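# Analysis of the macromolecular model
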Amino acid sequence: MCSPEEAALLRLEEVHSATLARINSLILQPLLSADPEPSEPQARECLRLLQELHRSSQELWEVTEESLRSLWERQRHPHSIGLESLLLLRSPDRVLQVHMEYIESYTSCLVVQAFQKVAKRKSEYWRGQRKALRQLLTGMSSECSVGTTLAQALRQPLTQHVQQYVLLLLSLRDTIGERHPAKELVMHAVTLFGNLQSFMGQALDQAVATQALWHTLSSRQRDVLCTPAHRLLQDSQDVPVTVTPLRAERVLLFDDALVLLQGHNVHTFDLKLLWVDPGQERCMFHLLTPEEELSFCARDPQSQVVWQWKVTQAVCQALCGKKDFPVLGTGLEPAEPPACRCGSYTFRAEGRLCQATYEGEWFRGRPHGKGTLKWPNGRNHVGNFREGLEQGFGIHLVPQATEDKFDCYKCHWQEGSMCGYGICEYSSDEVYKGYFQDGLRHGFGVLDSAPQAPQPFRYTGHWEKGQRSGFGIQEDSDRGERYIGMWRADQRHGPGVVVTQAGVCYQGTFQVDKMVGPGVLLSEDDSLYEGSFTRDLTLVGKGKVTFPNGFTLEGSFSSGTGKGLYTQGVLDTAALPPDPSSTCKRQLGLGAFPVESRWQGVYNPFRDFVRAGCPGDLQEALLGFHVQSSRELRKSQEYLCCERSHPEDSAGSVEDILEELLQHREPETLQQYLRKALSNARHPLGKLLQTLMLTFQASYAGVGANKHLQGLAQEEVKQHAQELWAAYRELHVHGLMLPLVLPSFYSELFTLYLLLHEREDSLYSQGITNLSLFPDTKLLEFLDVQKHLWPLKDLKLTTNQRYSLVRDKCFLSATECLQKIMTTVDPREKLEVLEKTYGEIEATVTRVLGREHKLPMDDLLPLLIYVVSRARIQHLGAEIHLIRDMMDPVHIGGLYDFLLTALESCYEHIQKEDMRLRHLPGHWDSRELW
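Residues numbered from 1 in each chain as written. Predicted model: local features only at pLDDT ≥ 70, side-chain atom pairs only at ≥ 80, totals over all residues. Heavy atoms only, no water.

## Quick word on helix α25 (residues 857–871)
Filter applied, for reference: Numbered from the N terminus, helices here are DSSP runs of H or I no shorter than four residues, and strands are runs of E no shorter than two. In this scheme, a helix's expected span is set at 1.5 Å multiplied by one less than its residue total. Three exposure classes are used, based on accessible area relative to the maximum for each residue type with a 1.4 Å probe and protein chains only: buried under 20%, partly exposed in between, and exposed over 50%.
Here α25 spans 20 Å end to end across 15 residues, near enough to the 21 Å set by a 1.5 Å rise per residue. Here α25 lies mainly inside the structure; 13 of its 15 residues are buried. At the C-terminal side of α25, R872 shows a positive phi close to 50°.

Below, the structure is given as structure tokens:
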């Protein structure tokens, strides 16, 4: 059989269900029927709240009916259906939630006096229903107003019902045995509905207090504060407190806001963005808000405790986002609200943030962490903040006058200003990739004009306070010119070199963007002008021209518009022709821009990155300069914006990578590791190398591929090798780092060597062509190679074939070995190829003689000329000079130096006029070719 408590619960639910149905038909439906849609905002709000109350009442009736059915089933089948089948025990949380929603709806109506307002519209009807309403109530005075009667009729049945729930569940808990399977369910239900009873009492008390508050305020204050969401928790009229610096006349603590009344002004503070600071002074505590700090001073310690405790608890409840258990005023210890929170706030005080809305993470009243800052004009910032200021990486959009046009800064920030590396796309379609300081371009950076700009340009170099300053390169695509040199205040200023697409080069001193004073002009045919120029680089005044043939013209120069160049001076034709090698080696820029100071704007950020312990948020300082296409740019920016961890192809942290690098001390293992690091675009050293490649290409590719810049380029590559691994200065840079760095710059650098030695290589090529006409034996005879050294055994003759007709068979292994000099860019490897070629020549001679033989210079030189002529290496002069300039100084005076000198001698002999015709110089005699 069912217990008496279950029978009592059944009767209780029957009565409550009937009461709810009557409330619905007697009160709620009449409140919502017949009247047209009100036009006043307040009336519409009341109607909405009553509709919500009706909906929650329906849900309460439905869950009561479901509870009633479970009790009926239990009563009919007590032996087959257990106690745990009752809805109150099976789903107490659901029953609880429905009750809380009804309480919330009811108290919202109560706070805004919805019942009184609606009762006035149908006063005659409600007077006729007063007797029926009183039947729903107990202890209700007949003198109460209709509004009060309606409020009581909707409240009293529920409070009495919940009270009976708690009593019956407590009785049920005490009657069932300890081992009853539903024991824990009953105890859980007792706890929940006990909390509900406390919550309901507190919620109703707060609503009544809030409703009473409005009568004490002015109409203006009431219009601002009277909302259904507000619940009054504390009033300074009850527990006095003063607030500075606002000196509020009255302080009101609601469950979602702190309000300070000051005359007609109402200052409202969102509790979610309120931080309680206990302070050190007696009877005082402080509140931190996004824009100010408030000091609360009470009359006595007890009042101070009340206010501080209630504010703290209210903040905790507001951060929870709902009214929940434990209710305010219960619990052993008050909860401490977190110092770090998320929230939204619109700044009102004058300043850079005025009217801006911040949404994101906060710490003690300041934006701190990730967040978004938006201004009404469309300007916004998304990124990291620290103590109220932009800090770390962020994206900043600045709207422009043109519709739908923005300047987009994807940059690092420090204390509210751009500082560090960034990629910036401007509304003009210009793109800047580089460093900032205090919000201005500062340090190394690359600025590209819009692709369709009338005068397209690219500047690669250094900036100072937003202006081009220091060493930099600017290419003017429209004029076909490139300027390499010094800048100041956004203008060319100081020593500089101008290279034109026509091959003409200028060097001089610039002032306010114009060349002034004496300068140098080098034409493509190596003609040299030394003298004065006009501001548009036209020859003017006294000067001297030295022609490639040695003639000089010294005098005064002038020009007229469309009339060409005029000169008056002395032409000297008596001078001997200069050495062609010295003429073509005239170099520009050497000494004007010290190589060690050219690209410190690239090296310094890398050094700072390493010294700082390689922090992850600064890795972008090494990324992005080399990105060229818009697709790659977007991909790079997406990485900057979103991916804060290492990409998958980077194994381990940067600290680990560099630490591992420091562990390798043996040159071979270190070089192997460095090769991998430099070839990995995600490795810090690889990123740095790519940026250096960018500067090198900006200087010496395209228009800059001029033979007169070869000296600048050569010393720059060496400096890069030195700087890239300054931490290993005790190791030999040429032997360790230069071979690893050179491949990255080889294409542009070798092009300069080709241009510089074009004339010599042309003569050499013609000599090779002539020598290739000789068959092997005739060429060996022509070169005066001693006949006992001829490898005739290598000449396999066919029928009717003579030795004098066979070609490209002698010293074949040495020839094939020497050809490999073109397959590598490392000077040491090229020298090793040369050494192996020498070894192959000696091996062939040893085989011919049948004994080991060391070749003296007189025998080696003609044999080496033979091998060089048969190898047919293109641009051998460029190869030789690059090897000589880039070879490790440790090899000077050694075997490599000797072999390179021998190769240089062969190269020079092949260029000679008599070599290209019939005779060889020196001790070799003239011989018949056939």
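## A word on the pairing of strand β12 (residues 380–386)
Here is the rule we go by: Here a strand pair is declared whenever DSSP counts at least two bridges between the two strands.
With six bridges joining them, strand β11 (residues 366–374) and β12 adopt antiparallel strand pairing. Of the residues in β12, the one forming a bridge with L373 is H381. Count of turn residues in the β11/β12 antiparallel hairpin: five residues, of which G378 carries a positive phi of about 100°. Pairing between β12 and strand β13 (residues 389–399): six bridges, direction antiparallel. Among the inter-strand pairings, N380 is bridged to a residue of β13, identified as L397. Turn length for the β12-β13 hairpin, with the two strands adjacent in sequence and antiparallel, is two residues, and the turn residue E387 shows positive phi of about 50°.

## Describing the pattern of salt bridges
Rule in force here: What makes a salt bridge here is a side-chain nitrogen of Lys or Arg within 4 Å of a carboxyl oxygen of Asp or Glu, nothing more.
One pass over the full model with this rule turns up 28 salt bridges. Put simply, R74 and E6 hold a salt bridge, and the shortest N to O gap is 2.8 Å. Linking R74 in helix α2 (residues 41–76) with E6 in helix α1 (residues 4–32), this pair joins segments that are 68 residues apart in sequence. Given a relative accessible area of 10%, R74 falls into the buried group. Put simply, E879 and K830 hold a salt bridge, and the shortest N to O gap is 2.8 Å. One end of the pair, E879, is in helix α26 (residues 876–886); the other, K830, is in helix α24 (residues 827–849), with 49 residues separating them in the sequence. Across this residue pair, the class does not change: E879 and K830 are buried. One salt-bridge network, held together by shared partners, links E52, R55 and E59.

## Overview of the sheet that holds strand β8 (residues 293–298)
Counted only if it meets this: Only the contacting stretch of a helix is used when fitting its axis, a line to C-alpha atoms as for every element, and angles between N-to-C directions run 0 to 180 degrees.
Within the open sheet, the four strands sit side by side as β2-β8-β7-β6. Their pairing is antiparallel. Edge positions in the sheet fall to β2 (241–244) and β6 (275–277), since each has one partner strand and no second. In this sheet, adjacent strand axes meet at a mean angle of 25° when their direction is disregarded. With five bridges connecting them, strand β7 (residues 284–288) and β8 associate as antiparallel partners.

## Overview of the packing of helix α23 (residues 812–819) against α24
Note the following rule: For classification purposes, angles smaller than 35 degrees are called roughly parallel, those larger than 145 roughly antiparallel, those between 65 and 115 roughly perpendicular, and all remaining angles oblique. Note on contacts: a residue pair qualifies if any of its non-hydrogen atoms lie within 4.5 Å across the two residues. Throughout, the ten residues Ala, Val, Leu, Ile, Met, Phe, Trp, Tyr, Cys and Pro are labelled nonpolar, Asp, Glu, Lys and Arg are labelled charged, and all others, Gly among them, are labelled polar.
Across the interface, α23 lies against α24 with an axial gap of 8 Å and an inter-helix angle of 180°. Of the possible angle classes, the one that applies to α23 and α24 is roughly antiparallel. On the side of α23, the interface is formed by S813, A814, C817 and L818, while α24 contributes V833, L834, K836, T837, E840, I841 and T844. The class makeup of the residues in the contact of α23 with α24 is six nonpolar, three polar and two charged.

## Re a nonpolar patch on the surface
This is how the line gets drawn: Only residues whose relative accessible area exceeds 30% and that take part in no salt bridge are eligible for patches, with like-charged residues grouped when within 9 Å of each other and nonpolar side chains (Val, Leu, Ile, Met, Phe, Trp, Tyr) grouped when within 5 Å. The accessible surface values rely on the Shrake-Rupley method and a 1.4 Å probe; as for residues, cover is taken only from the protein chains in view.
A grouping of M857, L895 and F898 is seen on the molecular surface, where their side chains present a nonpolar patch of about 250 Å² in accessible area. Here F898 is to be found in helix α27 (residues 895–911).

## Section: the environment of K183
Turning to its location among the elements, K183 is positioned in helix α9 (residues 183–213). For K183, a relative accessible area of 8% puts it in the buried group. In this structure, the C-alpha to C-alpha distance between K183 and L83, residues 100 residues apart in sequence, is 9.4 Å.

## Comments concerning the confidence of the model for the protein chain
Heads up, the rule is: Confidence of the prediction at every residue is given by pLDDT, a number between 0 and 100.
For the protein chain, per-residue confidence averages 85 on the pLDDT scale, and 86% of positions sit at 70 or higher. Note on residues 918–930: pLDDT is under 50 here. Beyond four places in sequence and across chains, it has 26 contacts.

## Quick look at the packing of aromatic side chains
To keep it simple, the criterion reads: Any two of the Phe, Tyr and Trp rings considered here, Trp counted by its six-membered ring, make a pair once their centres fall within 6.5 Å; the pair's planes then place it as stacked at under 30 degrees, edge-to-face at over 60, or tilted in between. Note on criteria: charge over ring means Lys NZ or Arg CZ within 6 Å of the ring centre, with the direction from the centre no more than 35 degrees off the ring normal.
Scanning the model with the defined rule gives 30 aromatic pairs in all. With a centroid separation of 5.8 Å and an interplanar angle of 75°, the aromatic rings of Y506 and F533 are classed as edge-to-face. Here Y506, found in strand β22 (residues 505–511), pairs with F533, found in strand β24 (residues 528–533); they are 27 residues apart in sequence, far enough to count as distant. What makes Y506 buried here is its relative accessible area of 13%. Three or more aromatic residues joined by ring pairs make a cluster, and in this case those are Y432, F436, Y459, W463, Y483, W487 and F510. One cation-aromatic arrangement involves R379 over W375; the distance from NZ or CZ to the ring centre is 4.1 Å.

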